[in-house]
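Summary of the model geometry
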Amino acid sequence: MSVPNTAPSTATVVKDSEAPLKVPAFKHPLDPLTPEEIVAVSHSVRRYVAEKTEVKAVRFITSSLLPPPKKAVLAYLQIPLLSGEKPESATEIVRKADVDFIDAVTGNAYNAILSLNGQDWVVDSIEKLPDGVQPQISVEELLLCEEIIRADERVIKLAAEVGVKPEQLHADGWAIGYDDRFPSNQRIQQALVFARWSRHENLYAHPLDFVPVVDSVTKKVIHIDFAPHYKRKGEKSLFDSAGVDVDITAPTTAPPKLEEDALAAANRKRVPPPKESHDFLPDLLAQKEGFKFREDIKPLHVLQPEGVSFKVDGHVLEWQKWKMHIAFHHREGIALSTITYNDNGNVRPVFYRLSLSEMVVPYGAPEHPHPRKHAFDVGEYGMGTMANELTLGCDCLGQIHYLPGSYVAHDGSAVVVKNVICIHEEDAGLLWKHTDYRVGGRSQAVRSRRLVIQQICTLANYEYIFNYMFYQDGNIELEVRLTGILQVYVQGQDEPNSPFGTTLAPGINAHYHQHIFSVRVDPMVDGLQNSVVETDIIPLPNAPVGSAANHLGNAFTTRSTPIARASDGAREFDYATDRRWSIVNPQKVHAASKRNAGYSIMGKGATAPMMALADSAVAKRAPFAKKELWVVKDVEGPNGSRMWPSGKYVPQTRDTPPDALPNWAAGDESLLGEDLLLFITMGITHIPRPEDWPVMPVEHLRLLFRPTNFFTSNPSMDVPGANDPKSVPAFPESSDASAGGACCAH
């Protein structure tokens, strides 16, 4: 791999020299591996491999902290296992690393576990992964994909046939998805190919009509696919039984055999890429005839003249009674841990860990090779490795604190993203208000402040903005914003519009697709032993209008059911009953409500049922997407907790792996008062619009965790009232408004 491809434009620098390790190596036991540690771990693996194995060339894929056991971490931090009780005594914590690498000659994959012994990283074990099991696809492999197709004579010839020069060829490397025509032990990608007329022009405006498949180990193109195109319906259509009023040029949506002529099987002519540019960079937009930037936007500044209200010590943050650990993870991106709330001197644990554990983006066009497009952006690529270096005043506004992140490169060096996580405060509107409307009545208004922990990740064409937000009333919110550029495919000049996509501009079609996320919640609400209660809101049963129990028919109540057994852990949302779930501590009871202290999951607006059939390839690979909530018991082993809902190793899986959610949600094991995990499914179904082109305005997804019977009363009553002397009338000459008047307090 050439040096320029070691780090993408989203990264900052590459560190490749082994520096002396600091002992102790961490302030907090969940601190991520430092760049120096990553390099030291790589050196230890290389030495061990050279001395004790037959592997000739190591290609590092991942290198990260293997977290210590929960109880050891909580004891080290003096967080009790049950609120109000004495913490357990601290025990020794051994810092460990988890490394995946590939034999760059044979393609065999390996996992290594190392321990820090003094100042030396010692290899505890190296295990060869089973044939067909593939670690995460690295950034360098994705960049390599473009190099491979540019060097292939068949690709160059096919591009030339539609007017594209070799230097204009570009490709996004994608995981192969599901394609059982290829051996499972062959490490492969599909290349979605585009043309680019100039250096920074929007390449997605010029999709090409073929899809090469590349071998990442041999660095060769091993096959080229052609999708059939759409045609007007004749007497008979492939989609007659489905009521779809078009047909395709091939007799089936299934892939042809590898030995067949793929273009002949598609049964259509070549289609050149659209010529028109659809740019987004300001200097290129300014060259467009008739284009003009808006000139009526006045500056809006976020100022905190007395500084921020949060404190940061390494990776530990404190703000408004909240305290938590913030880490960068190559796979999840942001990982928040040991989240506690100081309730008037009583430090109460809420979540042990909160992160994005998986996501899948299944596309809806059925004709080969488009069904292969169902990217697992966490498990296949790593949300962290795709994270941006954030820019002050652009990505993050106001007074900002940044945290860095790092991940391993193929050669064992550390790729550093300097400002990968930004932390700042925002005004969040009114927190609460009331006015006594009677004559002479008084009022009080309190504004809400929230803490935002943000990361932005670029997955080829798409951007994801992750905001973890903490509020003064005890709420925790995860907001996902989706933007970037739609994944598009070329459309022929006389080709009818696809029933599985939207024509955005002449010659450019964007397929229908979904973005389905799995949020992993490791709760410790007032302690590690929790239960999950499912609550439906229902009309009063067996009490019709006119009955003695419900004379006017208005009565409704709640029906709460604890999720008791592992086999009951897969749950569905029910709009008819406005279903919600609460994580509760059975040992903690609210003095007034007599209900268990808990946190409720509020995500009604974020549900999106998976559109792919239950026995489809993507549904088997992404079983988490079949249910809105999964509750399972956590099981900690030598290599950590249950983490990944589609398995640890996702690329090129062909079924549900053994270490995936459905296999954890089985049997009669109790889920009551246990150390639990929740996997919450949230998502959107994206039917593209022309207004999403050339760059999509952000779309929002929100998931809220709300204290329920957790606090004695509103915990934000002690937040001072609103009174901002810097607020002024927009038009002073026509306004008699005054600051700090009836709107605030009197």
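Please refer to the structure higher up on the page.
For the structure given in this document, a descriptive report is provided here. (Residues numbered from 1 in each chain as written. Predicted model: local features only at pLDDT ≥ 70, side-chain atom pairs only at ≥ 80, totals over all residues. Heavy atoms only, no water.)

1. As for the overall build of the protein chain
Spelled out, the test is: Here a strand is any run of E in DSSP of at least two residues, a helix any run of H or I of at least four, and the numbering for each starts at the N terminus. As a reference, a globule follows 2.2 Å times the number of residues to the power 0.38, and the radius of gyration itself is taken over C-alpha atoms. Here's how the labels work: a residue is buried when its accessible area is under 20% of the maximum for its type, exposed when over 50%, partly exposed in between, all with a 1.4 Å probe on protein chains only.
Across its full length, the protein chain carries 9 helices and 34 strands. Relative to the 2.2 N^0.38 estimate, which gives 27 Å for 746 residues, the radius of gyration of the protein chain is 28 Å and therefore close to what a compact globule would have. Structurally, the protein chain occupies a C-alpha span of about 80 × 70 × 60 Å along its principal axes. Taking all 746 residues of the protein chain together, the buried fraction comes to 55%.

2. Quick notes on the packing of aromatic side chains
Formally: Between the rings of Phe, Tyr and Trp (Trp by its six-membered ring), a pair exists once the centres lie within 6.5 Å; its type follows the angle of the planes, with under 30 degrees stacked, over 60 edge-to-face, and the other angles tilted.
Tallied over the entire structure, the rule returns 22 aromatic pairs. Note on Phe 60 and Phe 101: the rings are 6.4 Å apart at their centroids and 55° apart in plane angle, and the pair reads as tilted. Residue Phe 60 is found in strand E2 (residues 58–66), and its partner Phe 101 is found in strand E3 (residues 96–103); the two are separated by 41 residues along the sequence. Using a relative accessible area of 1% as the deciding quantity, one classes Phe 101 as buried. One aromatic cluster is present, built from ring pairs that chain together Trp 322, Tyr 341, Phe 351, Phe 470, Tyr 599, Phe 705, Phe 710 and Phe 711.

3. Some remarks on the side chain of Asn 461
So the rule is basically this: Each polar contact in these results corresponds to two N or O atoms within 3.5 Å; when the atoms are within protein, one needs to be able to donate a hydrogen and the other to accept it, and residues that are neighboring in sequence are counted only if both atoms are side-chain atoms. Between two residues, a contact is recorded if the distance between any of their heavy atoms is within 4.5 Å.
Mapped onto the secondary structure, Asn 461 falls in the loop between strand E20 (443–459) and strand E21 (462–471). We classify Asn 461 as buried; its relative accessible area is 4%. At a separation of 2.7 Å, a polar atom in the side chain of Asn 461 contacts the main-chain carbonyl oxygen of Ile 485. Once residues within four sequence positions are removed from consideration, Asn 461 is found in contact with Asp 172, Trp 174, Tyr 204, Gly 484, Ile 485, Leu 486 and Gln 487.

4. Focus: the pattern of salt bridges
In plain terms, the rule: Between Lys or Arg on one side and Asp or Glu on the other, a salt bridge is scored when a side-chain nitrogen of the former is within 4 Å of a carboxyl oxygen of the latter.
In total, this model carries 46 salt bridges according to the counting rule given. Two residues, Asp 225 and Arg 181, come together in a salt bridge whose shortest N-O distance is 3.1 Å. Taken together, the residues span a long stretch of sequence, with Asp 225 in strand E9 (residues 220–225) and Arg 181 in the loop between strand E6 (169–175) and strand E7 (188–195) at a distance of 44 residues. Note on Asp 225: relative accessible area 1%, which makes it buried. Linked by salt bridges that have partners in common, Lys 157, Glu 161, Asp 209, Arg 268 and Arg 270 make up one network.

5. A closer look at the side chain of Asp 31
Spelled out, the test is: By the counting rule applied here, Lys and Arg register as positive and Asp and Glu as negative, while His and the ends of each chain are not counted.
For Asp 31, the location among the structural elements is in the loop between strand E1 (13–15) and helix H1 (35–52). Buried charge Asp 31 goes without a salt bridge, the closest partner of opposite sign being Arg 95 at 6.0 Å. Engagement of the side chain of Asp 31 in a polar contact is seen with the backbone nitrogen of Lys 27, the distance being 3.1 Å. Once residues within four sequence positions are removed from consideration, Asp 31 is found in contact with Phe 26, Leu 65, Arg 95, His 315 and His 325.

6. Notes on the sheet that holds strand E25 (residues 508–511)
How we decide: In this scheme, strands are said to pair when DSSP sees at least two bridges between them. Helix axes use the C-alpha atoms of the stretch in contact, all axes being lines fitted to C-alpha atoms, and the angles between their N-to-C directions lie in the range 0 to 180 degrees.
With respect to topology, 3 strands assemble into an open sheet ordered E23-E25-E24, the strand pairing being antiparallel. If you trace the sheet from one side to the other, it starts and ends with strand E23 (488–490) and strand E24 (501–505), each paired once. Within the sheet, the average angular offset between the axes of one strand and its neighbour, ignoring direction, is 40°. Pairing geometry for E24 and E25, over 4 bridges, is antiparallel. Each bridged residue has a counterpart across the sheet, and for Ala 505 the counterpart in E25 is Ile 508.

7. Remarks on the sheet that holds E6
In spatial order, the strands read E6-E7-E8-E9; together these 4 strands make up an open sheet with antiparallel pairing. Each end of this open sheet is capped by a strand with a single partner; those strands are E6 and E9. The mean inter-strand angle of the sheet, taken between neighbouring strand axes irrespective of direction, is 35°. Two elements, E7 and strand E8 (residues 211–215), share 3 bridges in a ladder whose sense is antiparallel. Within E8, the position partnered with Ile 188 by the bridge is Asp 215. Here helix H3 (residues 139–150) sits on the sheet and contacts E6, E7, E8 and E9; the angle it forms with E6, its principal contact strand, is near 135°.

8. Considering H1
Structural remark: α-helix, 3.6 residues per turn; residues separated by three or four positions point the same way. Applicable threshold: A helix is expected to reach a length of 1.5 Å times the quantity of its residues less one.
Compared with an ideal rise of 1.5 Å per residue, which puts 18 residues at 26 Å, H1 spans 26 Å between its outermost C-alpha atoms and is within 8% of the ideal. Regarding H1, the residues found buried are Pro 35, Glu 37, Ile 38, Val 39, Ala 40, Val 41, Ser 42, Ser 44, Val 45 and Val 49.

9. So, the nonpolar core
Quick reminder of the rule: We call a set of buried residues a nonpolar core when its members are Ala, Val, Leu, Ile, Met, Phe, Trp, Tyr or Cys and they connect through side-chain atoms within 4.5 Å of each other.
Ranked by size, the top nonpolar core spans 92 residues in total, and within it Trp 322, Leu 354, Ile 453, Tyr 464, Phe 470, Phe 517 and Phe 705 carry the most contacts. Dropping the residues within four chain positions of it, Leu 354 is found in contact with Ile 334, Ala 335, Leu 336, Ile 339, Tyr 468, Ile 476, Val 519, Arg 520, Val 521 and Phe 705.

10. Let's talk about a nonpolar patch on the surface
The line we're drawing: What goes into a patch is any residue over 30% in relative accessible area without a salt bridge, connected to like charges within 9 Å or, for nonpolar side chains (Val, Leu, Ile, Met, Phe, Trp, Tyr), within 5 Å. Each accessible area is a Shrake-Rupley result for a 1.4 Å probe, and residues are judged covered by the shown protein chains and nothing else.
Where nonpolar side chains cluster on the molecular surface, the patch consists of Leu 300, Val 302 and Leu 397 and spans about 280 Å² of accessible area. Within the secondary structure, Leu 397 sits in the loop between helix H7 (377–381) and strand E18 (401–408).

11. Quick look at the state of the cysteines
Selection criterion: In plain terms, two cysteine sulfur atoms within 2.5 Å form what is called a disulfide here.
Applying the stated criterion to the full structure yields 1 disulfide. Disulfide pairing places Cys 396 opposite Cys 422 at an S-S distance of 2.1 Å. Classification of the bridge connecting Cys 396 and Cys 422 rests on its S-S torsion, roughly -90°, and on that basis the disulfide is left-handed. On the criterion of sequence distance, the pair formed by Cys 396 in the loop between H7 and E18 and Cys 422 in strand E19 (residues 414–435) is long-range, its members being 26 residues apart. Classification of Cys 396 as buried rests on a relative accessible area of 1%. Residue class for Cys 422 comes out buried when judged on its relative accessible area of 0%. Cys 457 takes part in no disulfide bond, and the closest cysteine sulfur to it belongs to Cys 422, at a distance of 12 Å.

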